[in-house]
Amino acid sequence: MKYILFFLIGFLLLVTSPMHAQFKEKPIINLENEDKALLNWGYFLGFNQYDFKFEYKNDLDDVLVEKSIGFNVGLIGELRLNEFLDLRFEPGLFYTKRTLGYKGFADPNDALRDVKSTYITFPLLLKVSARRFGNWKPYIIGGASASLNLGSNEASLDDNSSGTFRMTKTLYNWEIGFGIDFYTEYFKFSPSIRGVFALSNELVPDNDPNSPWTGNIDAMKTRGVFVNFTFE
């Protein structure tokens, strides 16, 4: 998480330096009518860091999660409701990898499970913006999303006893974040940071109810943070 925040701060400093004139008292107004259209389109690129939140049946050893940095890419469709409210649909692809570590195994092959996920996500979000200040405008955004995990292994007959970690293919989440719209001469650029929190249990238990990998897990829910850079 801290590396993502450091990267975002550094990126914002690099991006906003050439746009310092936008914060002057009387800047030249770029794209003055950009937000007045009923429909707006764009795309986003970014990166993510996913984690798991576990709920346990008994007070035993926790499952350890080693997180990594993944990437995001997707499209944006925006419906203007009024000057301050927009309804956004942001279908995207999110790739991530998490490594789960279990205690009590002598064999490292049993103690570790690589969980690679490719989520196709369909969020419906409400964007609440402040009044525009020259060529920039802060906003908060939140809503719900549904995701398909292409790497879930849900239909696999093998489980952890054969080295296969299984998760549900469909996932439901809520999301919340904030960002800033910057109006450049040719397009609107928006860096943002957003948290995602699963509402549904993502774990498919092993066939053995006493499995050392899943037997003590009551629920496993995805959570993560995204940093997106949108262009409209």
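See above for the structure.
Notes on the structure follow. These figures come from a predicted structure and were not determined experimentally.

## Considerations on the nonpolar core
Alright, step 1. By size, the foremost hydrophobic cluster in this structure holds 12 residues: Phe52, Phe54, Val63, Leu100, Tyr102, Val115, Phe165, Met167, Leu203, Trp213, Ile217 and Met220.
Alright, step 2. Mapped onto this core, the elements with two or more residues apiece are β1 (39–56) and β10 (217–231).
Alright, step 3. Beyond its immediate stretch of four places on either side in the chain, Tyr102 contacts Val63, Ala111, Arg113, Phe165, Pro212 and Trp213.
Alright, step 4. In terms of nonpolar packing, the next biggest core, distinct from the first, is built from nine residues, Ile76, Phe94, Tyr119 and Leu171 among them.

## A word on the pattern of salt bridges
Think of it this way: side chains of opposite charge can pair up when their charged atoms draw near.
Alright, step 1. Summed over the entire model, instances satisfying the criterion amount to 14 salt bridges.
Alright, step 2. Salt-bridge contacts for Glu78 lead to Arg88; the nearest nitrogen and oxygen are separated by 2.5 Å. Taken as a pair, Glu78 in strand β3 (residues 69–80) and Arg88 in strand β4 (residues 85–89) lie far apart in primary sequence, 10 residues in all. An identical accessibility class is assigned to Glu78 and Arg88; each is buried.
Alright, step 3. Where Lys127 meets Asp181, a salt bridge forms, and the shortest distance between an N and an O atom there is 2.7 Å. You can see Lys127 sitting in strand β6 (residues 112–129) and its partner Asp181 sitting in strand β8 (residues 170–183), a full 54 residues away along the chain.

About the criteria used
- Residues numbered from 1 in each chain as written.
- Predicted model: local features only at pLDDT ≥ 70, side-chain atom pairs only at ≥ 80, totals over all residues.
- Heavy atoms only, no water.
- Core = buried A, V, L, I, M, F, W, Y, C linked by side-chain atoms within 4.5 Å.
- Buried < 20%, exposed > 50% of the residue type's maximum accessible area, 1.4 Å probe, protein only.
- Helix = DSSP H or I, 4+ residues; strand = E, 2+ residues; numbered from the N terminus.
- Contact = heavy atoms within 4.5 Å.
- Salt bridge = Lys/Arg side-chain N within 4 Å of Asp/Glu carboxyl O.

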